[in-house]
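# Residue-level structural notes
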Amino acid sequence: MMIDQSVRLEFKQNLYNEMLRIRTVEERIAELYSEQEMRCPVHLCIGQEAIAVGVSAALQNRDYVFSGHRAHGHYLAKGGNLKAMMAEIYGKEGGCSQGNGGSMHLIDLSVNFMGSTPIVGSTIPVAVGAAFTAKIKKQHAVSVAYFGDGATETGVFHESINFAATQNLPVIFICEDNFYSVYSSFEERQSANRDIIKLVQGHGVNSFEGDGNNVEEVFNLTLSAVNRAREGGGPSFIKLLTYRWREHCGPNYDNDIGYRTEAEFLQWQAKCPLKAYETILMSMNIMSDALYQKLFSEYLTEMNNAVQYAKSQPFPSIKNAFTDIFSAQ
Amino acid sequence: MMIDQSVRLEFKQNLYNEMLRIRTVEERIAELYSEQEMRCPVHLCIGQEAIAVGVSAALQNRDYVFSGHRAHGHYLAKGGNLKAMMAEIYGKEGGCSQGNGGSMHLIDLSVNFMGSTPIVGSTIPVAVGAAFTAKIKKQHAVSVAYFGDGATETGVFHESINFAATQNLPVIFICEDNFYSVYSSFEERQSANRDIIKLVQGHGVNSFEGDGNNVEEVFNLTLSAVNRAREGGGPSFIKLLTYRWREHCGPNYDNDIGYRTEAEFLQWQAKCPLKAYETILMSMNIMSDALYQKLFSEYLTEMNNAVQYAKSQPFPSIKNAFTDIFSAQ
Amino acid sequence: MIRTLTYAEALNEAQVQCLEADENVYVIGLGAPDPKGIFGTTIGLREKFGSDRVFDMPISENAVTGMAIGSAITGMRPVLSHQRIDFAIAAMEQIVNQAAKWYFMFAGQSSVPIVIRMIIGRGWGQGPQHSQSLQAMFAHVPGLKVVMPATAHDAKGLLIASIEDNNPVIFIEHRWLYGLNSLVPQEKYSEPLGRCKVIREGTDITIVSLSYMTIESLRAADMLEDSGVSTEIVDIRTVSPLDWDTIFESVSKTGRLLVADTGTMSFGVSGEIIAKCVENLYGKLKSSPNRISLPDLPSPTSSSLAKTYFPRAVDIAELALSSFGRNLDKKWWKLEEGVRLDIPNTNFTGPF
Amino acid sequence: MIRTLTYAEALNEAQVQCLEADENVYVIGLGAPDPKGIFGTTIGLREKFGSDRVFDMPISENAVTGMAIGSAITGMRPVLSHQRIDFAIAAMEQIVNQAAKWYFMFAGQSSVPIVIRMIIGRGWGQGPQHSQSLQAMFAHVPGLKVVMPATAHDAKGLLIASIEDNNPVIFIEHRWLYGLNSLVPQEKYSEPLGRCKVIREGTDITIVSLSYMTIESLRAADMLEDSGVSTEIVDIRTVSPLDWDTIFESVSKTGRLLVADTGTMSFGVSGEIIAKCVENLYGKLKSSPNRISLPDLPSPTSSSLAKTYFPRAVDIAELALSSFGRNLDKKWWKLEEGVRLDIPNTNFTGPF
Ligand SMILES: Cc1ncc(C[n+]2csc(CCOP(=O)(O)OP(=O)(O)O)c2C)c(N)n1
Ligand SMILES: Cc1ncc(C[n+]2csc(CCOP(=O)(O)OP(=O)(O)O)c2C)c(N)n1
Ligand SMILES: [Mg+2]
Ligand SMILES: [Mg+2]
């Protein structure tokens with residue numbers, strides 16, 4: 001696709017930049033959370049940025065994306081408006097859901113980020129439905145469902161996979177496998193003999209596995225799934241190994257509370273998706289410390305502006321709040 | 001297990017007899033249904049008898065069995081009381097559920113036939129729960145869940161398989177694959193690339209496939225699963241190919257209504273599990289036409305007595321009906 | 001043109017006309033294209049519109065509901081049937097958490113124009129897991145519309161309105177209605193959602209009823225007329241949002257209220273209607289409001305128990321008269337004797 | 001011995017004592033053995049009783065419910081927690097079709113002694129899918145008991161009774177109650193299911209309330225007392241089966257009824273209570289019954305909307321006074337100003 005070397009380098013640079021942008025946003029949320037002004041649960045994706053970025057790089061604006069509780073990165077990588085997200089987390093009128101949703105209910109229809117909602121597994125079939133529309137209306141679009149390793153235990157995941165396979169729908173199932181479902185490890189939830197790749201193949205769906213901390217690998221796996229889906233080749237499932245750095249919900253580290261070890265965390269921190277890619281790009285002379293500083297301060301400024309915007313927005317008053325439950329005809 | 005030849009032959013004879021008994025009961029229900037006295041839906045298992053019989057032959061009285069809407073054979077093969085079943089179908093006081101249940105709600109706790117209920121997939125996790133009890137209480141018992149090919153599309157099937165695998169429970173999942181879910185064929189419901197054996201293996205569960213019209217094959221597959229489960233080897237899944245001869249629900253043939261062909265039916269009728277086994281037993285000089293006549297008339301008499309019993313039983317009057325929704329302490 | 005159609009035919013015609021009118025409409029459901037066509041309501045649709053627009057589903061009620069939601073927010077208008085309401089509760093998670101809330105939780109940016117058809121019923125030993133009537137569960141969830149037509153005419157008009165509505169509609173059909181006729185215009189028309197209909201005018205008592213209980217109420221009204229009581233019947237049609245004005249107006253006029261519901265009583269539809277009427281018409285009632293519904297028990301299977309479990313016209317009439325301190329003439333009870341009460345009519349022979 | 005315990009500690013102690021008393025009792029739930037231990041209610045249980053009796057589950061609410069049912073009919077006594085009620089509705093199929101009906105559909109031959117704990121709540125931006133209060137859905141289903149304790153004392157006694165009960169019990173806990181204290185005896189005791197409790201005696205008006213709304217009602221009663229109105233509070237404790245006698249007795253005495261529920265209003269718990277009181281106490285009410293509950297909307301997330309969405313003591317008091325044609329003294333409203341209304345107390349800092 002990218003023959004020209006400069007285009008190629010720019011592409012790589014963008015992958016990095018996007019990851020850094022998400023990291024900067026998430027870290028800043030973590031810092032500001034203790035102010036007690038973001039009065040809703042937040043599930044940060046620090047450590048998992050490569051997935052959102054790699055996947056999104058393989059998508060077009062028209063492609064549909066759905067997510068769950070841990071959605072900030074997915075939303076931003078797809079091009080979701082940062083200010084609207086921050087205002088939403090602050091519960092403000094200018095929020096992407098006008099304060100009705102909060103961190104767990106992001107939407108930006110201008111980039112076909114169709115919605116994230118926090119019932120585990122629950123947006124997976126919804127994403128399949130968007131793929132159905134894409135197919136029937138010949139939109140040449142694909143639909144992406146992001147979810148975690150825990151979500152593969154829900155019945156609705158299997159029903160969705162089967163339905164997508166039966167109807168040969170252009171949907172990509174992205175499983176972010178970060179080893180934990182809240183504080184529960186695999187031993188509590190799945191058999192040691194489980195093989196999700198085989199399982200999904202058994203459903204009749206193309207199934208792949210990759211390093212979720214390697215942004216280019218994520219991109220490549222996704223791109224081939226997307227291409228196949230666009231050409232009528234049906235659904236794909238991609239499992240991507242990664243790790244959540246902070247607590248399941250909230251701004252802190254929680255390696256001390258007992259469900260995982262500091263050592264495990266450190267091991268994964270050493271596999272930081274940004275650092276890993278930075279090293280590669282440095283060796284290609286695209287990245288440098290100076291560039292990092294420049295980018296970081298740009299993103300920090302952007303984020304601070306977004307926070308500023310969010311804080312300055314009015315709260316939805318009862319009068320202005322969106323309170324309709326029914327859409328008028 | 002069966003070293004002695006006479007025991008072996010008796011065992012074979014019993015397999016045949018049980019199938020013939022079930023066939024006789026089901027055919028008689030079909031004949032009598034038009035009297036409009038069995039006023040509840042009936043899902044006959046004619047054509048599928050080898051599964052119930054082969055599976056049950058591998059079980060002990062203490063082993064738990066659960067089933068769904070098509071349960072007559074499973075109930076009878078486990079030793080369920082015929083009179084109580086017929087009275088139940090006739091909606092009478094002497095019914096196994098005192099008329100509250102009907103054909104789709106069979107139970108006989110004296111043989112650990114724990115219950116059948118007609119929401120597809122819905123007794124699968126319940127069977128898993130009984131296996132949990134068996135394990136925790138070290139009952140040396142296994143639990144069997146019977147269900148159809150359609151049930152493997154339900155989310156709860158997958159959740160149950162995963163849970164059983166995670167907890168390594170002594171449960172045997174028996175899938176009676178008769179190609180149809182009501183009038184819907186596989187094309188409408190599953191991908192052509194689906195491989196249920198692989199799928200279940202992906203969950204981490206031992207998984208087998210067999211000829212559901214071959215009673216000895218069913219027995220052997222089940223027995224090894226049962227032995228494994230009793231020894232702590234965990235759950236197994238067994239898919240057994242078979243064919244339902246009559247309409248999905250009700251007493252008639254329905255090869256004319258358009259969802260399947262007469263030719264397909266005839267092909268499967270030619271694979272009749274009783275006829276096939278009869279031929280084998282004849283070649284071994286166990287079965288004969290005379291014996292068949294004798295057995296058939298015995299079972300017919302037994303069935304006619306059961307019908308007689310059912311018809312003579314009183315209807316549950318409001319006064320005598322079981323109407324408690326809560327069990328007293 | 002106006003003809004006589006059965007309720008099932010009317011639903012079929014509604015779907016045909018919607019499929020013709022809007023290419024975004026599609027029909028999906030358990031057995032939708034099969035030879036029985038969901039009690040005849042989808043027969044012929046696949047032949048007319050092809051398998052891209054009319055298709056079956058795996059036994060995956062929850063995911064298929066979610067997939068219908070996803071298609072709806074991206075421009076389609078699914079008409080989904082799970083057949084029995086007992087099966088549909090496997091999809092409760094998607095219906096309650098997603099369909100009902102999507103519009104609100106994203107502040108109106110996308111809506112979910114989806115119709116989910118569910119069948120309720122009674123009779124022929126359907127029993128505990130095949131004849132529940134769970135409308136109250138859905139009506140309790142803000143964001144769902146709940147529609148329960150009683151006549152063929154309303155079945156067509158309300159199904160068209162439901163398909164054209166931008167919101168999730170739970171469309172509940174009673175099995176015993178499928179064979180009943182009424183006059184149904186041929187052209188495509190819609191009956192407004194959220195509006196009750198006074199289907200019989202009267203002055204002495206108001207019966208507020210829905211779905212099949214409206215049919216029984218009509219028969220009860222004849223018995224009551226025979227007793228000199230003039231009955232007004234308000235057919236609810238849409239349980240949620242409920243058209244309180246029409247109910248209040250009727251009850252204000254008659255001063256007496258009886259609610260007839262197909263579901264079990266406690267925490268159901270009837271309690272809300274009585275509560276709301278009392279709150280709004282306090283002091284205007286001439287006697288204690290009454291209600292008739294199923295007892296708080298699962299449905300027993302035996303045909304002999306159907307009689308006491310499922311209320312009939314005579315029960316309604318008797319209860320209505322009790323608020324005048326009177327009893328129903330025994331002749332009406334006599335008429336019921338020997339009638340098989342687990343079938344809608346003598347043509348019905350099971351096994352469904 | 002009697003000590004002060006929090007509601008969470010009381011629930012924990014109830015489970016410890018049941019696990020000790022009966023080897024058939026086991027605890028399973030999302031995160032049951034994790035460091036947070038379901039808001040502290042299961043902390044330490046695994047350490048005490050081992051991983052065979054206290055364990056976690058996959059995110060498979062429906063199957064795990066079914067498995068608990070299967071274990072219950074074969075002799076175990078599972079205490080299952082799905083955490084939030086919003087997650088538990090993924091298990092609706094098993095709860096409604098199997099747990100609720102098993103005993104009846106097999107004519108009493110086997111029963112389902114299972115407790116399913118579910119969490120409701122408000123505040124801290126839980127939003128549309130994390131703060132529903134769906135007790136009415138469960139109360140509507142014959143065969144389920146629905147228990148909603150308001151105090152630490154009742155939490156312990158009712159959880160023990162629920163575990164010892166032979167029937168499926170939906171045990172609903174409000175997040176804002178976990179930190180509240182009351183006197184709790186150390187020994188194992190049970191409070192009877194199906195019995196309301198008059199937790200404050202009064203003569204002028206009866207407030208029938210449940211769960212966290214009982215706490216707000218107690219505060220409202222103080223405000224009302226200040227206004228010269230003597231309030232009797234009936235804490236429901238068990239929504240189903242409901243102890244109507246205690247309610248009727250209180251309402252007969254005071255002649256006035258206000259129902260305070262944690263759920264959305266329409267087709268919910270409050271309507272049934274009003275209807276039943278009117279049916280049974282017709283003519284004994286001195287004014288129109290009132291009710292306070294959530295508006296028929298999903299829960300909005302923004303903290304600024306929590307204030308109007310979730311009713312507080314002042315709202316209850318104001319509504320109660322309205323049935324005397326009076327208004328609440330402004331001072332009480334003033335007191336609420338500046339108070340953050342999306343947290344139970346100032347110690348609460350999220351993020352759950
Ligand atoms: C149906 C349902 N059950 C339980 C929960 C509570 N819950 C929220 S997030 C979560 C863990 C999800 O784990 P995973 O899918 O691996 O995503 P991760 O948090 O690791 O990104 C759980 C159990 C829920 N939101 N929905
Ligand atoms: C959850 C649910 N959905 C739909 C139905 C309606 N239904 C009854 S039997 C059946 C077909 C089941 O097919 P299968 O599992 O293959 O069993 P078979 O009838 O072929 O023995 C269906 C869809 C049901 N009972 N439960
Ligand atoms: Mg995870
Ligand atoms: Mg089948």
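Residues numbered from 1 in each chain as written. Chains lettered and ligands numbered in written order. Predicted model: local features only at pLDDT ≥ 70, side-chain atom pairs only at ≥ 80, totals over all residues. Heavy atoms only, no water.

### Observations concerning the layout of surface pockets
To keep things clear, this is the line we draw: The pocket and cavity definitions rest on a 1 Å grid over protein atoms only: a 1.4 Å probe that fits but cannot leave marks a cavity, an open set with protein on both sides within 12 Å along at least five of seven lines marks a pocket, and residues lining either have an atom within 4 Å of a point. Grid points are joined across faces, edges and corners, and a volume is the space filled by probe spheres set on the points.
When its volume is computed, the second largest pocket comes out at roughly 280 Å³. Considering the residues around the second largest pocket, the lining is formed by 13 residues, among which Tyr 212, Arg 219, Arg 312, Pro 344 and Asn 345 of chain D are closest to the centre.

### What to know about the relation of the copies chain D and chain C
What counts is decided by this rule: Residues reaching a pLDDT of at least 70 in both copies supply the C-alpha atoms on which the copies are superposed by least squares. Here a residue-residue contact requires only that any non-hydrogen atoms of the pair lie within 4.5 Å.
Of the two same-sequence chains, chain D is brought onto chain C (RMSD 0.0 Å, axial shift 0.0 Å) by a rotation of 180 degrees. Taken together, the rotation angle and the small translation identify this as a two-fold axis. With an isologous cut-off of 70% or more, the 100% of interface residues of chain D that recur at the interface of chain C puts this contact in the isologous class.

### Concerning the side chain of Ser 299 of chain D
Note the cut-off: Numbering of helices and strands runs from the N terminus; a helix is a DSSP stretch of H or I covering at least four residues, while a strand is a stretch of E covering at least two. Each residue gets one of three labels from its accessible area relative to the maximum for its type: buried under 20%, exposed over 50%, partly exposed in between, using a 1.4 Å probe on protein chains only. Contacts described as polar in this section are N or O atom pairs within 3.5 Å, which, within protein, must combine one atom able to donate a hydrogen with one able to accept it, while residues neighboring in sequence count only if both atoms come from side chains.
Checked against the element boundaries, Ser 299 of chain D lands in the loop between β14 (290-294) and α12 (303-309). The class for Ser 299 of chain D is buried, based on a relative accessible area of 3%. Reaching out from Ser 299 of chain D, the side chain makes a polar contact with the side chain of Ser 131 of chain D at a distance of 3.2 Å. Ignoring any residue separated from it by four or fewer positions in sequence, one finds Ser 299 of chain D in contact with Asn 100 of chain A, Phe 104 of chain C together with Gly 127, Pro 128, Ser 131, Tyr 309 and Phe 310 of chain D.

### Comments concerning the site of ligand 1
Rule in force here: Whether a residue is near a molecule or strand depends on its heavy atoms: if one lies within 4 Å, it is near. Per-residue accessibility takes into account occlusion by the displayed protein chains alone, with areas from the Shrake-Rupley method and a 1.4 Å probe. Gly is placed with the polar residues, together with every amino acid not listed as nonpolar (Ala, Val, Leu, Ile, Met, Phe, Trp, Tyr, Cys and Pro) or charged (Asp, Glu, Lys and Arg).
Close to ligand 1 lie 18 residues; His 69, Arg 70, Asp 149 and Gly 150 of chain A together with Glu 61 of chain D are nearest. Chains contributing residues near ligand 1 are chains A and D. Within the backbone of Gly 150 of chain A, an N or O atom sits 2.8 Å from an oxygen atom of ligand 1. In the complex, 95% of the free accessible area of ligand 1, which totals 580 Å², lies under the protein chains. Split by residue class, the shell around ligand 1 holds 9 nonpolar, 6 polar and 3 charged.

### Examining the interface of chain D and chain C
Here is the rule: Here the quantity called buried area is the accessible surface, traced with a 1.4 Å probe, that two parts lose on coming together, added over both. One speaks of a salt bridge when a side-chain nitrogen belonging to Lys or Arg is within 4 Å of a carboxyl oxygen belonging to Asp or Glu.
The interface is formed by 49 residues belonging to chain D together with 49 residues belonging to chain C. Here chain D and chain C share an interface that buries about 4400 Å² over both sides, 65% of which is from carbon and sulfur atoms. When the buried surface of chain D facing chain C is broken down by residue, Phe 104, His 140 and Phe 267 of chain D rank first, second and third, together holding 20% of it. Connecting chain D to chain C are 4 salt bridges.

### Looking at the packing of aromatic side chains
The geometry of an aromatic ring pair is captured by two quantities: the separation of the ring centres and the angle between the planes. What counts is decided by this rule: Pairing of aromatic side chains here covers Phe, Tyr and the six-membered ring of Trp, requires ring centres within 6.5 Å, and sorts the geometry by plane angle: under 30 degrees stacked, over 60 edge-to-face, intermediate tilted. Placement of a positive charge over a ring is assigned whenever Lys NZ or Arg CZ falls within 6 Å of the ring centre and within 35 degrees of the normal to the ring plane.
Tallied over the entire structure, the rule returns 54 aromatic pairs over all chains. Measuring from ring centre to ring centre gives 5.5 Å for Phe 132 of chain A and Phe 55 of chain C, while their planes differ by 40 degrees; the resulting arrangement is tilted. Of this pair, Phe 132 of chain A sits in helix α5 (residues 124-136) while Phe 55 of chain C sits in strand β3 (residues 54-55), placing the two residues on different chains. Plain terms: the ring middles of Tyr 26 of chain D and Phe 55 of chain D are 5.7 Å apart, the flat faces sit at 5 degrees to each other, and that makes the pair stacked. Of this pair, Tyr 26 of chain D sits in strand β2 (residues 25-29) while Phe 55 of chain D sits in strand β3 (residues 54-55), and the two are 29 residues apart along the sequence. With a relative accessible area of 3%, Phe 55 of chain D lands in the buried category. An aromatic cluster of three or more residues is present, and its members are Phe 179, Tyr 180, Tyr 183, Phe 186, Tyr 243, Tyr 259 and Trp 268 of chain A. It is Lys 271 of chain A that lies over the ring of Trp 268 of chain A; its NZ or CZ is 3.9 Å from the centre. One cation-aromatic arrangement involves Lys 92 of chain B over Phe 315 of chain B; the distance from NZ or CZ to the ring centre is 4.7 Å.

### A look at the interface of chain D and chain B
At the junction of the two partners, chain D supplies 44 residues and chain B supplies 41 residues. Buried area between chain D and chain B, summed over both chains or domains, comes out near 3300 Å², and the portion from carbon and sulfur atoms is 65%. Among the residues chain D hides against chain B, the three largest losses belong to Thr 74, Phe 104 and Phe 106 of chain D. Together they make up 17% of the total. Counting across the chain D and chain B interface gives 0 salt bridges.

### Some points on the site of ligand 2
As a matter of local geometry, ligand 2 sits amid 18 residues, with His 69, Arg 70, Asp 149 and Gly 150 of chain B together with Glu 61 of chain C nearest to it. Near ligand 2, the surrounding residues are drawn from chains B and C. One of the side-chain N or O atoms of His 69 of chain B is found 2.7 Å from an oxygen atom in ligand 2. At 2.8 Å from an oxygen atom of ligand 2 is found a side-chain nitrogen or oxygen belonging to Asp 149 of chain B. Relative to its free-state accessible area of 580 Å², ligand 2 is covered by the protein chains to the extent of 95%.

### Some points on the side chain of Lys 101 of chain C
As a reminder, the rule being used: By the counting rule applied here, Lys and Arg register as positive and Asp and Glu as negative, while His and the ends of each chain are not counted.
In this structure, Lys 101 of chain C sits in the loop between α6 (92-99) and α7 (102-105). Although Lys 101 of chain C lies buried, it forms no salt bridge, and the closest oppositely charged side chain, Asp 86 of chain D, sits 6.5 Å away as judged by the N-O distance. Polar contacts involving the side chain of Lys 101 of chain C include one to the main-chain carbonyl oxygen of Val 96 of chain C, which spans 2.8 Å. Excluding its chain neighbours within four sequence positions, the residues that come into contact with Lys 101 of chain C are Val 96 and Val 141 of chain C together with Pro 128, Gln 129, Gln 132 and Pro 298 of chain D.

### Some remarks on the sheet that holds strand β6 (residues 236-241) of chain B
Residue and element names in this part refer to chain B. Worth spelling out the cut-off: Here the rule is simple: two strands pair whenever DSSP picks up at least two bridges between them. Note on definitions: angles span 0 to 180 degrees between N-to-C directions of axes, and those axes are lines fitted to C-alpha atoms, for helices only across the stretch in contact.
The 6 strands lie next to each other as β2-β1-β3-β4-β6-β5, forming an open sheet whose pairing is parallel. Looking at which strands have only one partner, the edges of the open sheet turn out to be β2 (113-116) and β5 (206-211). Pairwise comparison of adjacent strand axes, ignoring direction, gives a mean angle of 15 degrees for this sheet. Inspection of the sheet shows strand β3 (residues 143-148) paired to strand β4 (residues 171-177) by 6 bridges, in the parallel sense.

### Focus on the coordination of the magnesium ion (ligand 3)
All names here are of chain A. Formally: Counted as donors are N, O and S atoms no farther than 2.8 Å from the metal, or 3.2 Å for Na, K and Ca; water is not among the atoms, and sites may therefore look incomplete.
Distances from the magnesium ion (ligand 3) to its protein donors, Asp 149 (OD), Asn 178 (OD1) and Tyr 180 (O), fall within 2.0 to 2.1 Å. Sequence spacing of the donors to the magnesium ion (ligand 3): D-x28-N-x1-Y. Linking Asp 149 in the loop between β3 (143-148) and α6 (155-166) with Tyr 180 in the loop between β4 (171-177) and α7 (196-202), this pair joins segments that are 31 residues apart in sequence.

### Overview of the confidence of the model for chain C
This is how the line gets drawn: What pLDDT conveys is the predictor's confidence in a given residue, as a value from 0 to 100.
Mean pLDDT for chain C: 96, with 100% of residues reaching 70 or above. Here the predicted complex scores 0.98 on pTM and 0.98 on ipTM.

### Some details on the pattern of salt bridges
Residue and element names in this part refer to chain C. All told, the structure shown has 72 salt bridges over all chains when counted by the stated rule. A salt bridge links Arg 219 to Glu 216; its shortest N-O distance comes to 3.0 Å. Taken together, the residues Arg 219 and Glu 216, both in helix α10 (residues 211-226) and 3 residues apart, mark about one turn of the helix. In this structure Arg 219 comes out as partly exposed when scored by relative accessible area, which is 33%. Its relative accessible area of 1% is what places Glu 216 among the buried residues.

### Some points on the sheet that holds strand β13 (residues 257-264) of chain C
Adjacent strands of a sheet pair through backbone hydrogen bonds, lying either parallel or antiparallel. All names here are of chain C. Strand order in the open sheet formed by 5 strands is β9-β11-β10-β13-β14, with mixed pairing between adjacent strands. Strands at the two margins of the open sheet, each flanked by one partner only, are β9 (197-200) and β14 (290-294). Averaged over all adjacent pairs, the angle separating strand axes in this sheet is 25 degrees, with direction ignored. As paired elements, β13 and β14 share 4 bridges and run parallel to each other. Residue pairing for β14: Leu 258 is matched across the bridge by Asn 290. Packed on one face of the sheet, helix α11 (residues 244-254) meets β9, β10 (205-209), β11 (231-235) and β13 and runs near 170 degrees to β11.

### Thoughts on the environment of Ser 51 of chain D
Residue and element names in this part refer to chain D. Take Ser 51: it is sitting in the loop between α2 (45-49) and β3. Ser 51 sits in the partly exposed class, given a relative accessible area of 44%. With 43 residues separating them along the chain, Ser 51 and Gln 94 place their C-alpha atoms 25 Å apart.

### What to know about the domain arrangement of chain C
Residues and elements named next belong to chain C. Put simply, the rule reads: Annotation comment: domain bounds sourced from an automatic or database domain assignment.
Split into domains, chain C comes out as domain 1 (2-185) and domain 2 (197-335). Just the C-alpha atoms count here: the centres of domain 1 and domain 2 sit 27 Å apart. On the side of domain 2, 27 residues touch domain 1, which itself brings 26 residues to the contact. Interface of domain 1 and domain 2: buried area, both sides summed, is about 2100 Å²; carbon and sulfur atoms make up 59% of it. Area buried by domain 1 at its contact with domain 2 is led by Arg 122, Met 148 and Ala 150, which between them contribute 27% of it. The interface formed by domain 1 and domain 2 contains 2 salt bridges. Of all elements in the fold, only α8 (135-139), β6 (145-147) and α9 (152-164) reach the threshold of two or more residues within the side of domain 1 that touches domain 2. Residues that form the side of domain 1 that touches domain 2 fall into these classes: 14 nonpolar, 9 polar and 3 charged.

### Focus: the packing of helix α1 (residues 5-33) of chain A against helix α8 (residues 215-230) of chain A
Residue and element names in this part refer to chain A. Stated formally: By the definition adopted for this analysis, an angle is roughly parallel if under 35 degrees, roughly antiparallel if over 145, roughly perpendicular if from 65 to 115, and oblique otherwise. Each crossing gets its handedness from the near helix: less than a right angle anticlockwise from the far helix is left-handed, clockwise is right-handed.
Where α1 contacts α8, the axes come no closer than 11 Å and their chain directions differ by 110 degrees. Here α8 runs roughly perpendicular to α1, going by the angle between their axes. Crossing handedness for the pair α1 and α8: right-handed. Contacts between α1 and α8 involve Phe 11, Lys 12, Leu 15 and Met 19 on the former and, on the latter, Val 215, Glu 216 and Phe 219.

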